[in-house]
Amino acid sequence: MHPSPDARTAAADGGVIHNIGYRRYEGPRLGRGYATRSLYQQSLRAAFGLGRSGRSKVLPMVVLALPLLFALVVAAVQIFMKMEKPVLDYTELLDGIGVLTWIFLAAQAPVLLSRDLRHHTVPLYFSRPITRADYVRAKFAAMTSAMLIVTAGPLLVLYIGALLGRMDFGHHTVHLLYGLAAALLYAVLYSAIGLLIAASTPRRGFGVASIMGVMSISAVIARIVYALAGGEWADVPEKANWAAMLSPSWLVNGFTNQVFGLVTDSRVVHAPGAGAAVLFGAEILLLTAACYWFTDRRYRKI
Amino acid sequence: MNVTVARLTVRGLLGRRSGILLLVVPALLLLVAVIARLTADTPEDLAATVLGRLGMGTLLPILALVVGTGVIATEIEDGSIVYLLAKPLPRHWIVTTKLTVAIAATWLLAAVPMLIAGLLLCGTRDGVAVAYAAGTLVAGAAYSALFLLLGVATRHAVVAGLGYALVWESLVGNFVPGARTLSIQQWGLSVAKSIAVQGSIAADVALTVAVPLLVVVAVASTLLAAVRLGGLTLAGEE
């Protein structure tokens, strides 16, 4: 409704307030859950560079494509050589593409968190209905989902390849599920660690280097301790496997190998015994929970 | 060289929290060396794993990356480099000064611990400790120059540097023998090999190839960085 001309003449000698028709928003309020879901969706897209410039798509897309390509080659070799047994088990494939998942984590976890910190956009999020915990939850879920997409894709390619090659359906389905469970563990643990490091620095470069440093240095140290305890001998002593507790990647690998009974000989890294498996599982859980808690606490102070 | 620029760079690099974080790297190396010394029957056998793989293969590139990009890329990123560029100093001085600081920091934080770790593991036998320390010195200098260039040349210096050091040198180099020819780590190992007693250190690149390549990479990186910084214009926020 337009203001009537009388409104202006009413107080011709004094100041005038024009009614120019501003209205309040009276539509439905979508609320906290919706905002969190939107943030999740947008973060998941950002993890792959979707909705951002072409240059920021290069790295995530390459890291997404390489494991798929690798799995495709393995599957193709299996079909054409008419192999009875698979070349690579699903969990072994995950172990093989480990470095690529580190690179994805190191490059993309800071994309999700550091940029918001650097450009001081975090307070803008908190001016919406979402709470600090919601923000962390959405980012964590987005990072975990992105990691799962990267790791589960090649597993599915390998599975489809195996079925096309008319391999044993039951065996492959069960092992695919083992692989997916391992992929989930990797995704959750890695995301928790990566996001904690990314949240602690507004400098993207520093975050990338720290995440990659933590992942690669801990793996090398685990390997050295493993070798110290006799890991390079033909018959690896059981106690050498405790070295796996020193590195996130070895930890998940050892845990899943033991729990799913994938230990074919002593050279496969595994949690030594059932009690150790419980301990390995507890460490995964504890690490994830602790990293998540610290990330959450860091955002409470903003 | 400019003393004031050097002092400011050192403060920016080692001041506050980041200095402590950088100390983690040598501490880890020494810790592993001590553990290896105490638990292994023949710690000399682990020299290749601890000094070669952990020290020169993983810790040195990461340290050099943080230091090399830290001396200049952080300043370019947050824009405070303008205050330095506005001073009546030739811009190549800035590059050489910052490079000197980066190399000194890398030597202090990587080569010295490497020597100590080597002495812990093998004593003075076969000259292995000195050899690895010397390899770290030359490789550290080349890494610093290269990563400083990356810091001036691209905003994604750390990702690019990690891609080179961990993906090209470690991952690709593991499977593709040819990739090792173009690897600073292997050039450093080659220098180390020539110093130690024959057969105690393995390297894939001949010394006659490694030394010229090291010099070329270090000099070319420095020159390119100087040229690049000379022509650097800062894009405004808007």
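Assigned secondary structure in chain B consists of 10 helices and 0 strands. Sequence-ordered secondary structure for chain B, helices as α and strands as β, is α-α-α-α-α-α-α-α-α-α. The C-alpha radius of gyration of chain B comes to 18 Å, within 12% of the 18 Å expected for a compact globule of 238 residues. C-alpha atoms of chain B, sized along the principal axes, occupy 60 × 40 × 30 Å. Counting only residues that meet the buried cut, chain B has 48% of its 238 residues in that class.

Broken down by element type, chain A carries 11 helices and 0 strands. When its helices and strands are written in sequence order, chain A yields α-α-α-α-α-α-α-α-α-α-α. Relative to the compact-globule value of 19 Å for 302 residues, chain A shows a C-alpha radius of gyration of 26 Å, a clear excess of over 25%. The principal-axis extents of the C-alpha atoms in chain A amount to approximately 100 × 40 × 35 Å. With 302 residues in all, chain A has 43% of them scored as buried.

A word on the nonpolar core. Formed by 164 residues in total, the largest nonpolar core has its most connected members in Leu158 and Tyr186 of chain A together with Val50, Leu59, Leu63, Ala142 and Leu148 of chain B. At 19 residues, helix α7 (residues 128-153) of chain B tops the list of elements feeding residues into this core.

Residue and element names in this part refer to chain A. The backbone of His120 sits at a positive phi, close to 55 degrees, despite the residue not being glycine. Mapped onto the secondary structure, His120 falls in the loop between α5 (98-118) and α6 (122-126). Positioned with a positive phi, Arg166 is a non-glycine residue whose angle comes to about 55 degrees. The residue Arg166 is located in the loop between α7 (132-164) and α8 (169-199) in this model. We classify Arg166 as exposed; it has 9 C-beta atoms within 10 Å.

This paragraph deals with the packing of α5 of chain A against α7 of chain A. Residue and element names in this part refer to chain A. α7 packs onto α5 with a crossing angle of 155 degrees between their chain directions and a minimal axis gap of 11 Å. Accordingly, the angle class assigned to the pair α5 and α7 is roughly antiparallel. The handedness of the crossing between α5 and α7 is right-handed. For the pair α5 and α7, contact is made by Thr101, Phe104, Leu105, Gln108, Ala109, Leu112 and Leu113 and by Lys139, Ala142, Met143, Ala146, Met147, Val150 and Thr151, respectively.

The partner chain B presents 24 residues to the 16 residues of chain A that form the contact. Elements that contribute at least two residues to the side of chain A that touches chain B include exactly α5 and α9 (204-228) of chain A. Broken down by element, the residue count for the side of chain A that touches chain B peaks at 12 residues, all from α9 of chain A. Broken down by class, the residue content of the side of chain A that touches chain B amounts to 12 nonpolar, 3 polar and 1 charged.

With that out of the way, let us pick up helix α8 (residues 157-175) of chain B. Look at α8 of chain B: 25 Å from first C-alpha to last across 19 residues, which is about the 27 Å you get at 1.5 Å a residue. By the burial criterion, the buried members of α8 of chain B are Ala157, Val158, Val159, Gly161, Leu162, Ala165, Leu166, Glu169 and Gly173 of chain B.

Here we come to helix α9 (residues 184-195) of chain B. Residues and elements named next belong to chain B. Its 12 residues place the ends of α9 17 Å apart at the C-alpha level, agreeing with the 16 Å of an ideal helix rising 1.5 Å per residue. Burial within α9 is extensive, with 10 of its 12 residues counted as buried. Regarding α9, the residues found buried are Ile184, Gln185, Gln186, Trp187, Gly188, Leu189, Ser190, Val191, Ala192 and Lys193. Turning to α9, the residues buried within the fold contact α3 (47-70), α7, α8 and α10 (207-230).

Time to look at the packing of α8 of chain A against α9 of chain A. All names here are of chain A. Relative to each other, α8 and α9 sit at 145 degrees, their axes nearing to 9 Å. The element α8 and its partner α9 pack so that their crossing is right-handed. Two secondary-structure elements touch here, α8 through Ile193, Gly194, Ile197 and Ala198 and α9 through Gly207, Ser210, Ile211 and Val214. Each residue belonging to the contact of α8 with α9 can be placed in one class, and the counts come to 5 nonpolar, 3 polar and no charged.

A few words now on the confidence of the model for chain B. Confidence in the prediction of chain B, expressed as mean pLDDT, is 86, and 97% of residues score 70 or more. Two numbers describe this predicted complex: its pTM, 0.82, and its ipTM, 0.74.

On to the environment of Asp204 of chain B. Residue and element names in this part refer to chain B. Locating Asp204 in the fold gives a position in the loop between α9 and α10. Its 17 C-beta neighbours within 10 Å are what place Asp204 among the partly exposed residues. Separated by 40 residues in the primary sequence, Asp204 and Tyr164 have C-alpha atoms spaced 18 Å apart. If near-sequence neighbours (up to four positions away) are discounted, Asp204 is found in contact with Pro177, Arg180 and Gln186.

Looking now at the environment of Trp168 of chain B. Residues and elements named next belong to chain B. Turning to its location among the elements, Trp168 is positioned in helix α8. Taking the C-alpha atoms as reference, Trp168 lies 26 Å from Gly118; in sequence the two are 50 residues apart. Here Trp168 is in contact with Gly163, Gly173 and Ala179, once residues within four sequence places are set aside.

Moving on, we get to the environment of Gly51 of chain A. Residue and element names in this part refer to chain A. When you line up the elements, Gly51 lands in the loop between α2 (31-47) and α3 (54-80). For the pair Gly51 and Thr144, spaced 93 residues apart in sequence, the C-alpha to C-alpha distance is 19 Å. Residues in contact with Gly51, not counting those within four places in the same chain, are Arg45 and Ala46.

Conventions we followed
Residues numbered from 1 in each chain as written. Chains lettered and ligands numbered in written order. Predicted model: local features only at pLDDT ≥ 70, side-chain atom pairs only at ≥ 80, totals over all residues. Helix = DSSP H or I, 4+ residues; strand = E, 2+ residues; numbered from the N terminus. Rg over C-alpha atoms; globule rule 2.2 N^0.38 Å. Buried ≥ 20, exposed ≤ 12 C-beta atoms within 10 Å, placed from the backbone. Core = buried A, V, L, I, M, F, W, Y, C linked by C-beta atoms within 7 Å. Axes fitted to C-alpha atoms, helices over the stretch in contact; angles between N-to-C directions. Parallel < 35°, antiparallel > 145°, perpendicular 65-115°, else oblique. Left-handed = near helix turned anticlockwise from the far one by under 90°. Contact = placed C-beta atoms within 7 Å. Nonpolar A, V, L, I, M, F, W, Y, C, P; charged D, E, K, R; others polar. Expected span 1.5 Å × (residues − 1). pLDDT = per-residue confidence, 0-100.

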